[in-house]
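Each chain, letter by letter, is given below.
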Amino acid sequence: MRVRTLLLALLLPLSAAASSDQYARHWPLQVNEPGVHAVELTPAIYAQIERADLGDLDAFNAAGEPLAFGPLATLIAQPEPQWRSVQWFQLPATTTGQGDDLSLQIDRGTDGRLSLRAQVTGESNPAATGDLIVDTGVNLEDSQRLLALAFDFSSDAADFSAQVQVESSDDLHRWHGVGSGTVMQLQQNGQLLQRRQLDLGGSNGRYLRLRRVDASAALPVTGISVQTRAAAAPDPRPSVRLAAELVSREQRTFIYRLPGRIPIEEVDLRLAQDNAVAVAQLASREGGRGAWRPRGSLTAFRLRAADVELQNEPLRLGGSRDREWRVELGHDVAEAPVLEFAYRPERWLLLTQGAAPYVIAAGSSRARRTDLPLAALLAPIRAKYGADWQPELAALGEPIVVAGDAAIAPTPQERYSNHALWILLIGSAAAIALMVFRLLREQRPSA
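What counts as what
- Residues numbered from 1 in each chain as written.
- Predicted model: local features only at pLDDT ≥ 70, side-chain atom pairs only at ≥ 80, totals over all residues.
- Heavy atoms only, no water.
- Buried < 20%, exposed > 50% of the residue type's maximum accessible area, 1.4 Å probe, protein only.
- Helix = DSSP H or I, 4+ residues; strand = E, 2+ residues; numbered from the N terminus.
- Core = buried A, V, L, I, M, F, W, Y, C linked by side-chain atoms within 4.5 Å.
- Contact = heavy atoms within 4.5 Å.
- Pairing = 2+ DSSP bridges.
- Axes fitted to C-alpha atoms, helices over the stretch in contact; angles between N-to-C directions.
- pLDDT = per-residue confidence, 0-100.
- Polar contact = N/O pair within 3.5 Å; in protein donor to acceptor, adjacent residues only side chain to side chain.

Enquirer: Would you explain helix α3 (residues 375–385) in this entry?
Expert: Among the residues of α3, those classed as buried are Leu377, Leu378, Pro380, Ile381 and Arg382. Two residues or fewer after α3 comes Gly386, characterised by a positive phi angle close to 110 degrees.

As structure tokens, then:
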């Protein structure tokens, strides 16, 4: 009942939305019953979409009423961060002097937990505090990420402000820097000021080494906690590869065009000749207009010897749906390279209501989907069925032409506006040229 009430509340703002006949094509949906479904976008749908933000992608029922429809990936919230206490050890202080004998042994059990045994003999003068070793309990296979670390300080400790450097390791042998920060505790006039946390930047090392770099005094630590969060599960679906169409070539510059607004993950450049190498600069833009935006560079190669072929790795991208791409090579090549993109088709959430059949509509220069807070509906569903619940995937039928090219063609008012703008620009240019001509005539010396 709660889900049904939320569904009706979400659908009320759609009454004034665009009508289904304003779109170029429809794709019928095959669903067993009204409810919550997922729709996977196909290459044909991507090819029909005009807007870079996918605003001209919508869904309707048999009465032409719009349905609640939006990207599913943006609705899946990350797991909440969790704090927990961890095991930690104070290493012996480094010393100066002759004849010092330090015996230090760190044992690691079968479960990965540490135990520390240390013995110092001989006369020495302490020079600096020992490091802290923290056992976070996080393993690589756990898919956990370390977000932050927090100290508990002794309440009767003297005031201090300390610079702490943090290093991470999985084997207690190889260490790499994670970050650094300031922790402090100040008590004045009955007021307590503390800075207890250090940012770990999402690392996943099992062990942390904490080193105070500004003084020799040990930190008055009584306890340490770490904040962790489960990493997002990787998409198990294989990526789809799509080659762009070569539109034009001018010496070392090649222009390509993608057939749709796909969510690009990787771009790859494949040379046509064996045993070839070329440095390429990549740029993209909204097809046919706007400035080129640099997207990176890569060294493309194709080596073949003894029945073994080696090719370059693709360039990792993200957040681009540009359809026009430019490749500039560092030297001339006889044949144009192949520009290939990898992406994973997106899944959208659909709330069906009213009479079937339901359709997905795409392609319009005027209609625009109304965005709704669909996450408000998923929260109670996942609370009831579990955080891993996923909507049933709906099948798509063959596309149906509705408004066709007329849906994406400019309206007479838009064409008139464009013509009026060109007339205004040409008229302004002519007026400026006439003004310059008159000024030149006035400044010309008389004979």
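Enquirer: Explain the nonpolar core to me, please; I cannot follow it from the model alone.
Expert: Side chains that are nonpolar tend, in soluble globular proteins, to be buried together. Leu57, Val327, Leu339, Phe341 and Ile360 are the most contacted members of the largest nonpolar core, which totals 42 residues. Of the residues forming this core, the biggest block, four residues, is contributed by strand β23 (residues 276–285). Val327 has contacts with Arg252, Thr253, Phe254, Tyr256, Leu269, Ala280, Gln281, Leu282 and Leu339, leaving out every residue within four places of it along the chain. Val86, Val134, Phe153 and Ala162 belong to the second largest nonpolar core, which has 21 residues in total.

Enquirer: How should I be thinking about the sheet that holds strand β28 (residues 338–343) in this particular structure?
Expert: What holds strands together in a sheet is hydrogen bonding between their backbones, with the strands either parallel or antiparallel. Across the sheet, which stays open at both edges, the four strands sit in the order β19-β28-β22-β26 with antiparallel pairing between neighbours. Of all strands in the sheet, those with a lone pairing partner are β19 (240–243) and β26 (315–320), marking the two edges. Each neighbouring strand pair of the sheet contributes to a mean axis angle of 30 degrees, computed without reference to strand direction. Direction of pairing for strand β22 (residues 264–270) relative to β26: antiparallel, over a ladder of three bridges. When the bridges of β26 are listed, Glu266 appears paired with Arg316.

Enquirer: I tried to follow the confidence of the model for the chain on my own but got confused; where do I start?
Expert: Atomic detail in the predicted coordinates should be set aside for any region of low pLDDT. Here the chain shows a mean pLDDT of 81. Residues at 70 or above account for 76%. Across residues 11–16, where pLDDT falls below 50, the model places ten contacts with residues more than four positions away in sequence or in other chains. Every residue in residues 414–419 is under pLDDT 50, and counting partners more than four places away or in other chains gives two contacts.

Enquirer: Sorry, what's going on with the environment of Arg285 here?
Expert: Note that Arg285 resides in strand β23. With 37 residues separating them along the chain, Arg285 and Asp322 place their C-alpha atoms 5.5 Å apart. A distance of 2.7 Å separates polar atoms of two side chains, one belonging to Arg285 and the other to Glu324.

Enquirer: What is the right way to look at the sheet that holds strand β18 (residues 221–230) in this model?
Expert: Strand order in the open sheet formed by four strands is β5-β18-β12-β16, with antiparallel pairing between adjacent strands. Among the strands making up the open sheet, the edge pair consists of β5 (82–85) and β16 (197–203). Averaged over all neighbouring strand pairs, the angle between strand axes comes to 25 degrees, with direction disregarded. Bridge count between strand β12 (residues 144–153) and β16: four bridges; the pairing is antiparallel. Note on β16: the bridge partner recorded for Ala150 is Gln197.

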